[in-house]
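Residue-level listing of the chains:
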There are 2 protein chains.
Amino acid sequence: MSEIIEVKAGVEAENDKYAAEVRKLLRHHQVRMINLMASPGAGKTSLLEQTIDRLKGSKRIAVLEADVDADVDAKRIEAHGAKALQIHTGGACHMDAYMTLKALENLDLDQYDLIFLENVGNLVCPAEFDTGADLRVMILSVPEGDDKPLKYPLMFQVTDCILVNKIDTDEIFDFNLQKLEKNVAALNEHAKIIPISAFTGSGVENWLVYLREKIFEWNYSCH
Amino acid sequence: MSEIIEVKAGVEAENDKYAAEVRKLLRHHQVRMINLMASPGAGKTSLLEQTIDRLKGSKRIAVLEADVDADVDAKRIEAHGAKALQIHTGGACHMDAYMTLKALENLDLDQYDLIFLENVGNLVCPAEFDTGADLRVMILSVPEGDDKPLKYPLMFQVTDCILVNKIDTDEIFDFNLQKLEKNVAALNEHAKIIPISAFTGSGVENWLVYLREKIFEWNYSCH
């Protein structure tokens with residue numbers, strides 16, 4: 001049985017205040033946090049399994065697994081040798097900064113270099129809440145379709161990086177990567193787009209190159 | 001350009017009151033409404049295209065297309081000869097009964113037999129709101145995985161019917177229908193589960209059989 005932490009949503013108007021508290025806490029312990037967002041079943045946990053396997057010799061990783069219910073994801077993460085805390089959101093469809101702060105208080109932050117916050121599977125509300133993370137990464141999976149930026153624009157606007165998962169099925173689902181790139185560019189010209197398959201491992205190394213560059217920048221920045 | 005209706009969320013505590021108003025309105029005009037819910041990209045619009053094509057000789061259909069943004073889905077529905085109203089939810093990640101009532105006020109309800117409410121792509125919040133619909137149908141698509149009832153239990157509890165879409169890809173995604181059925185049965189023993197492919201059309205006729213049975217029951221019920 002994984003450890004399960006119950007958290008309650010904070011007051012929305014105070015989210016920025018709590019996001020600043022999260023950042024202060026992370027900086028104090030010299031740890032960085034990545035907010036990973038996607039639809040249900042897009043492959044968040046599979047990506048984390050691949051990422052942990054490739055980083056575990058060099059980085060100490062913990063994962064906050066946010067879900068409405070269950071602890072199946074936390075168990076999968078622990079099987080790959082990383083610390084996992086299962087967070088139950090009390091029915092909330094997203095993590096806010098207050099919930100993130102409360103979840104982080106259950107970790108000995110000096111023991112980690114990187115925290116992944118696996119947000120609740122949802123393309124709408126998680127985009128609205130700054131959790132205090134250093135990087136926002138979203139996964140769009142190929143079966144969802146290349147038109148999703150049109151319908152969920154905020155998520156594509158706020159993200160730093162878009163991992164296009166299940167890319168090995170692009171022909172089956174008639175998914176056009178160029179069309180996706182065009183739809184994203186209209187909303188966010190800075191987002192890095194990386195096609196991957198968390199199932200076959202294809203492209204995952206490109207994600208690791210991007211992530212290692214970010215870690216390098218963080219280590220040599222003044223903040 | 002499709003007609004776009006902007007609606008704002010109602011007061012949550014008053015949702016039941018508005019759901020009753022929606023039901024009264026629908027009964028007055030002898031029309032039935034189906035609340036269709038799913039993750040982004042699960043195939044809601046594709047299912048509606050298939051459904052409209054098969055029912056359009058016998059039933060007059062309108063679709064409320066709820067999205068945070070865009071009108072791509074309304075255009076797809078109109079191309080199949082049904083009335084479509086694009087509803088923009090003002091950032092809300094679900095439709096509530098008040099929003100549904102306001103959307104319905106834009107339709108001449110005497111002109112229709114069936115209304116499909118295509119909810120915002122989200123497995124969490126739409127499950128929490130009674131919209132006044134006569135039937136709740138959800139789509140789970142095979143690439144999302146057979147473990148989703150564990151993580152989004154409320155959606156699987158409140159639904160009358162689960163359409164398992166993209167069933168033609170079950171081997172690629174190692175999706176186990178029996179495992180899904182077991183996970184659903186633990187939450188909801190009454191839910192009808194129908195595997196379909198809205199892409200190939202396979203199984204869609206089974207959904208139509210189910211829907212026609214419901215329509216028959218409604219026509220011969222006292223309410």
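For chain A, the helix and strand inventory stands at 8 helices and 8 strands. By principal-axis analysis of the C-alpha atoms, chain A measures approximately 45 × 40 × 40 Å. Within chain A, the fraction of its 223 residues that count as buried is 59%. In chain A, 75% of the contacts between residues at least 6 apart in sequence involve partners at least 24 apart. Approximately 9,200 Å² of chain A is accessible, and the part contributed by carbon and sulfur atoms is 48%. One way to put it: in chain A the 24 positive side-chain charges average out to a point 3 Å from where the 36 negative ones average out.

All names here are of chain B. The strand order S1-S4-S3-S5-S2-S6-S7-S8 describes an open sheet built from 8 strands, whose pairing is parallel. One side of each edge strand has no neighbouring strand; the edge strands of this open sheet are strand S1 (4-6) and strand S8 (192-195). Within the sheet, the average angular offset between the axes of one strand and its neighbour, ignoring direction, is 25 degrees. Relative to S8, strand S7 (residues 161-165) is paired through 4 bridges, and the arrangement is parallel. Bridging across to S8, Val164 finds its partner in Pro195. Running at roughly 175 degrees to strand S4 (residues 83-88), helix H3 (residues 72-79) makes contact with strand S3 (61-67), S4 and strand S5 (114-118) of the sheet.

Below, the discussion takes up the sheet that holds strand S7 (residues 161-165) of chain A. Residues and elements named next belong to chain A. Strands sit in the order S1-S4-S3-S5-S2-S6-S7-S8 across an open sheet of 8 strands; the sheet is parallel. Both edges of this open sheet fall to strand S1 (4-6) and strand S8 (192-195), since each of them pairs with a single strand only. Adjacent strand axes in the sheet meet at a mean angle of 25 degrees, parallel and antiparallel pairs treated alike. Where strand S3 (residues 61-67) lies against strand S4 (residues 83-88), 6 bridges are found, and the strand directions are parallel.

Opposite charge on two side chains permits them to pair, given that their charged atoms come into close proximity. The final tally for this structure, using the stated rule, is 30 salt bridges over all chains. As a salt-bridge pair, Asp73 of chain B and Lys151 of chain A come within 2.7 Å of each other at their nearest N and O atoms. Here Asp73 of chain B, found in helix H3, pairs with Lys151 of chain A, found in helix H5 (residues 148-151), and the two come from separate chains. Its relative accessible area of 0% is what places Asp73 of chain B among the buried residues. Here Glu217 of chain A ties to Lys214 of chain A by a salt bridge, and the two come within 3.7 Å at their closest N and O atoms. With a gap of 3 residues between them, Glu217 of chain A and Lys214 of chain A both fall in helix H8 (residues 204-219), about one helical turn apart. Owing to a relative accessible area of 43%, Glu217 of chain A belongs among the partly exposed residues under this scheme. One network of salt bridges, in which partners are shared, links Arg27, Arg32 and Asp134 of chain A.

The subject of this paragraph is the interface of chain A and chain B. Each partner contributes residues to the interface: chain A has 30 residues there, and chain B has 29 residues. When the two sides are added together, the surface that chain A and chain B hide from each other amounts to roughly 2,400 Å², 64% of it contributed by carbon and sulfur. In terms of surface lost to chain B, no three residues of chain A exceed Pro40, Lys151 and Tyr152 of chain A, which account for 23% of the buried area on that side. Inspection of the chain A/chain B interface yields 6 residue pairs in polar contact (both at pLDDT 80 or more). Within the residue set of the side of chain A that touches chain B, elements represented by two or more residues are helix H3 (72-79) and H5 of chain A. Per element, the largest residue contribution to the side of chain A that touches chain B is 3 residues, and it comes from H5 of chain A. Of the residues in the side of chain A that touches chain B, the class split is 15 nonpolar, 6 polar and 9 charged.

Those residues of H3 of chain B that sit buried are Asp73, Ala74 and Ile77 of chain B. Projection of H3 of chain B onto a plane perpendicular to its axis shows the buried side chains occupying an angular sector of 100 degrees, all on one side. The inward-facing, buried residues of H3 of chain B contact H5 of chain A together with helix H2 (44-55), S3, S4 and S5 of chain B. One or two steps after H3 of chain B, the chain reaches Gly81 of chain B, where phi turns positive at roughly 85 degrees.

What counts as what
Residues numbered from 1 in each chain as written. Chains lettered and ligands numbered in written order. Predicted model: local features only at pLDDT ≥ 70, side-chain atom pairs only at ≥ 80, totals over all residues. Heavy atoms only, no water. Helix = DSSP H or I, 4+ residues; strand = E, 2+ residues; numbered from the N terminus. Buried < 20%, exposed > 50% of the residue type's maximum accessible area, 1.4 Å probe, protein only. Contact = heavy atoms within 4.5 Å. Areas by Shrake-Rupley, 256 points an atom, 1.4 Å probe, with all protein chains shown as cover. Lys, Arg positive; Asp, Glu negative; His and termini not counted. Charge placed at Lys NZ, Arg CZ, Asp CG, Glu CD. Pairing = 2+ DSSP bridges. Axes fitted to C-alpha atoms, helices over the stretch in contact; angles between N-to-C directions. Salt bridge = Lys/Arg side-chain N within 4 Å of Asp/Glu carboxyl O. Buried area = accessible area lost by both parts, 1.4 Å probe. Polar contact = N/O pair within 3.5 Å; in protein donor to acceptor, adjacent residues only side chain to side chain. Nonpolar A, V, L, I, M, F, W, Y, C, P; charged D, E, K, R; others polar. Arc of directions from axis to C-beta.

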